[in-house]
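Listed below are the residues making up each chain.
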Amino acid sequence: MNNNRTQVKICPDTLVIGGGIAGIQAALEIANGNLNVFLVEKTGTIGGHMAMFDKTFPTLDCAACILTPKMVEVGQHSNIELLTYCEVMDVKGQPGNFKVTILKKAKRVNVETCIGCGTCAEKCPKNVPSEFDAFTTLRKAIYIPFPQAVPNKYLIDADYCIYVENGKCGACVKACLVQDCINLDEKDEEIEITVGNIIVATGFKTFDASRVSQFGYGKFPNVLTSLEFERLVNAAGPTEGNIKFRSQDKKGNWVFSNDSEEPERIAIIHCVGSRDENYHKYCSKVCCMYSLKLAHLVKEKLPDADVSEYYIDMRAFGKGYEEFYQRIEEEGVNIIRGKTAKIEQRNGNLLIRSEDIENARLIERDVDMVILSVGIEPGENAAELSKMLGISTDNDGWFSSPDHLLDPVATGSEGITIAGVCEGPKDIPDTVVQASAAASRVLQRILTGVSSQ
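What counts, and at which threshold
- Residues numbered from 1 in each chain as written.
- Predicted model: local features only at pLDDT ≥ 70, side-chain atom pairs only at ≥ 80, totals over all residues.
- Heavy atoms only, no water.
- Helix = DSSP H or I, 4+ residues; strand = E, 2+ residues; numbered from the N terminus.
- Rg over C-alpha atoms; globule rule 2.2 N^0.38 Å.
- Buried < 20%, exposed > 50% of the residue type's maximum accessible area, 1.4 Å probe, protein only.
- Contact = heavy atoms within 4.5 Å.
- Areas by Shrake-Rupley, 256 points an atom, 1.4 Å probe, with all protein chains shown as cover.
- Core = buried A, V, L, I, M, F, W, Y, C linked by side-chain atoms within 4.5 Å.
- Pairing = 2+ DSSP bridges.
- Axes fitted to C-alpha atoms, helices over the stretch in contact; angles between N-to-C directions.
- Patch = residues over 30% accessible without salt bridge, like charges linked within 9 Å, V, L, I, M, F, W, Y side chains within 5 Å.
- Salt bridge = Lys/Arg side-chain N within 4 Å of Asp/Glu carboxyl O.
- Lys, Arg positive; Asp, Glu negative; His and termini not counted.
- Charge placed at Lys NZ, Arg CZ, Asp CG, Glu CD.
- Disulfide = S-S within 2.5 Å.
- Parallel < 35°, antiparallel > 145°, perpendicular 65-115°, else oblique.
- Left-handed = near helix turned anticlockwise from the far one by under 90°.
- Nonpolar A, V, L, I, M, F, W, Y, C, P; charged D, E, K, R; others polar.

A. Spotlight on the overall build of the protein. Scanning the protein from terminus to terminus reveals 10 helices and 28 strands. In terms of overall size, the protein behaves like a compact globule, its C-alpha atoms giving a radius of gyration of 23 Å where 453 residues would be expected to give roughly 22 Å. Projecting the C-alpha coordinates of the protein onto the three principal axes gives extents of approximately 70 × 60 × 35 Å. Expressed as a percentage of its 453 residues, the buried residues of the protein come to 52%. Pairs at least 24 apart in sequence give 65% of the contacts found in the protein among residues at least 6 apart. Carbon and sulfur atoms make up 46% of the accessible area of the protein, which amounts to about 20,800 Å² in all.

B. Representation of the environment of I17 in the model. Position of I17 relative to the elements: it lies in strand β2 (residues 14-17). Classification of I17 by relative accessible area gives buried; the value is 7%. Each C-alpha atom of the pair I17 and I352 lies 42 Å from the other, and the pair is 335 residues apart in sequence. Residues within four places of I17 in sequence aside, it is in contact with V40, V88, I198, I199, V200, A201, T202, L385 and L389.

C. Structural detail: the nonpolar core. If you look at the biggest cluster of nonpolar residues, it comprises 53 residues, and the most contacted ones within it are F229, I243, I343, V370 and L372. Among the elements that take part in this core, helix α7 (residues 287-301) stands out by supplying nine residues, more than any other. Beyond its immediate stretch of four places on either side in the chain, I243 contacts F229, L232, V233, E261, E262, P263, I266, L297, V298, K301, L302 and M369. By size, the runner-up hydrophobic cluster in this structure holds 51 residues, among which are A27, C181, I199 and A201.

D. Seen up close, the sheet that holds strand β3 (residues 37-41). A sheet is described by the order of its strands in space; here five strands give the open sequence β6-β3-β2-β14-β27, paired in parallel fashion. Because the sheet does not close on itself, it has two edges, and the strands there are β6 (80-84) and β27 (416-418). Direction aside, neighbouring strands of the sheet carry axes that sit 20 degrees apart on average. In this sheet, β6 lies alongside β3 in parallel orientation, the contact comprising five bridges. When the sheet's bridge partners are listed, L39 is paired in β6 with L82.

E. Representation of a negative patch on the surface in the model. Taken together, the side chains of E322, E323, E329 and E330 define an acidic patch exposed on the protein surface. Among the structural elements, E323 can be located in helix α8 (residues 321-330).

F. Highlighting unusual backbone geometry. Residue F57 is joined to P58 through a cis peptide bond whose omega torsion reads -5 degrees. Along the chain, P58 falls in the loop between β4 (55-56) and β5 (61-62). Across the junction of V150 and P151, the peptide omega takes the value 5 degrees, indicating a cis bond. Note on placement: P151 falls in the loop between β11 (142-143) and β12 (155-156). Phi is positive for F135, which is not a glycine, with a value near 65 degrees. Relative to the helices and strands, F135 is located in the loop between β9 (127-129) and β10 (138-140). Classification of F135 by relative accessible area gives exposed; the value is 52%. For C271, which is not a glycine, the phi torsion comes out positive at approximately 55 degrees. Assignment of secondary structure puts C271 in strand β19 (residues 265-272).

G. Representation of the state of the cysteines within the structure. Using the criterion set out here, one finds zero disulfides in the structure. Note on C124: no disulfide assigned, nearest cysteine sulfur contributed by C169 at a separation of 6.3 Å. The thiol sulfur of C181 is not disulfide-bonded, and the nearest other cysteine sulfur, from C176, lies at 4.4 Å. A relative accessible area of 4% means that C181 is categorised as buried.

H. The sheet that holds strand β8 (residues 97-104), seen in detail. Spatial ordering of the open sheet is given by β7-β8-β13, a layout of three strands whose pairing is antiparallel. A strand with exactly one partner marks an edge of an open sheet, and here the two such strands are β7 (86-94) and β13 (189-195). For this sheet the average axis-to-axis angle between neighbouring strands, irrespective of direction, equals 20 degrees. Here β7 runs beside β8; their pairing, made up of eight bridges, is antiparallel.

I. Layout of the packing of helix α1 (residues 21-31) against helix α2 (residues 63-76). For the pair α1 and α2, interaxial distance at closest approach is 10 Å and the crossing angle is 50 degrees. One element, α1, and the other, α2, form an angle in the oblique class. Considering how the two elements wind past one another, α1 and α2 form a crossing that is left-handed. Facing I21, I24, Q25 and L28 of α1, the residues of α2 in contact are L67, K70, M71, E73 and V74. Class assignment for the residues of the contact of α1 with α2 results in six nonpolar, one polar and two charged.

J. Quick look at the pairing of strand β14 (residues 197-200). What you see with β14 is no split at all: N197 and I199 on one side and I198 and V200 on the other are buried throughout. Pairing of β2 with β14, which is carried by four bridges, proceeds in the parallel orientation. Bridge pairing in β14 places I17 opposite V200.

Listed below in structure tokens is the structure:
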């Protein structure tokens, strides 16, 4: 054993920060090793971005069919304490004995007694955009994030609750079938836990497409982001999976409705915010494949639709990915190599100006709907969390390892590992592999009891 490493007593409990597929996988691997895990998620449910997807590439499996059983297992596991609607506020101590302060935001609904009947939401007068549906539809101020959420309990969004704002309303309390289940005056609280190891699996956020002003996102209603379209084609989405135009309602909000018509010409533009000196130089790695997946979903729903993909380079790097690319070509999707310069609105249509590199020309095409394949970037709290934990980030803001090639889960801080997209862009299989590796590292530390001193 190295002279600067000694045998120490390590607390066997582990903290996993982030409840996406990486955090879920890591938590289950450790918990199945008969060790306790605290899984902290800042939203009201685990599942992360994967829960928002309709299908996964290249197999086109139902994303929910893969993820939901794992979510349920986490919620029912005796060795996992699930802390949703919570955030890590402070970390002190040393490897093997971290003291972690966690903010438990007030849900204002008793999760032990809530039966999830939904009468409270039916009576709530406040409608707000749904984060889970990429703001394509509305939810109530008291809500369950989505039907398969874990925990499947209601919570109140204090930012929109009329009672929290001015002390009036209380319609949900009157409607609730369980006595004293809703406490509108509940306050946030802080708790402290002790853990020996920490796994960071905080995931990513999507690029803000409105920053690329020449594409008209936020200006033209039928220029959508890939995540918005993902929710649109989902059976649980705003139109029950039907591809419809977006239009304005009486209040001026852009909404999808089954009363709208179907688009006949759809364009998908790759690399929005990625591989661009003005935004992010790096490749977001998953955009090419999920763009092809979206083209397939269009053809599946609208077989006669004219679908075009505008790409710079096709990155089909994984197992079965090249074959998937060929399959999409065979389905009749127009795949055009070249950068898109601008999107304008003309005579009620969207006009795309772009390159066609293979034919050495500039082209213009009229379409009905445009899907922007936005890149991914570090989560909103990545910089703050890196300082709190004493771990490094690279020039792009992703958490980094001192030895990315041979030890990609390490952070340089003993007892703290990273997993999933928070370390850099990757697909779901690579995310799961890295999460399992992080869990294995934690189990190794606990079994050996070795830590730097």
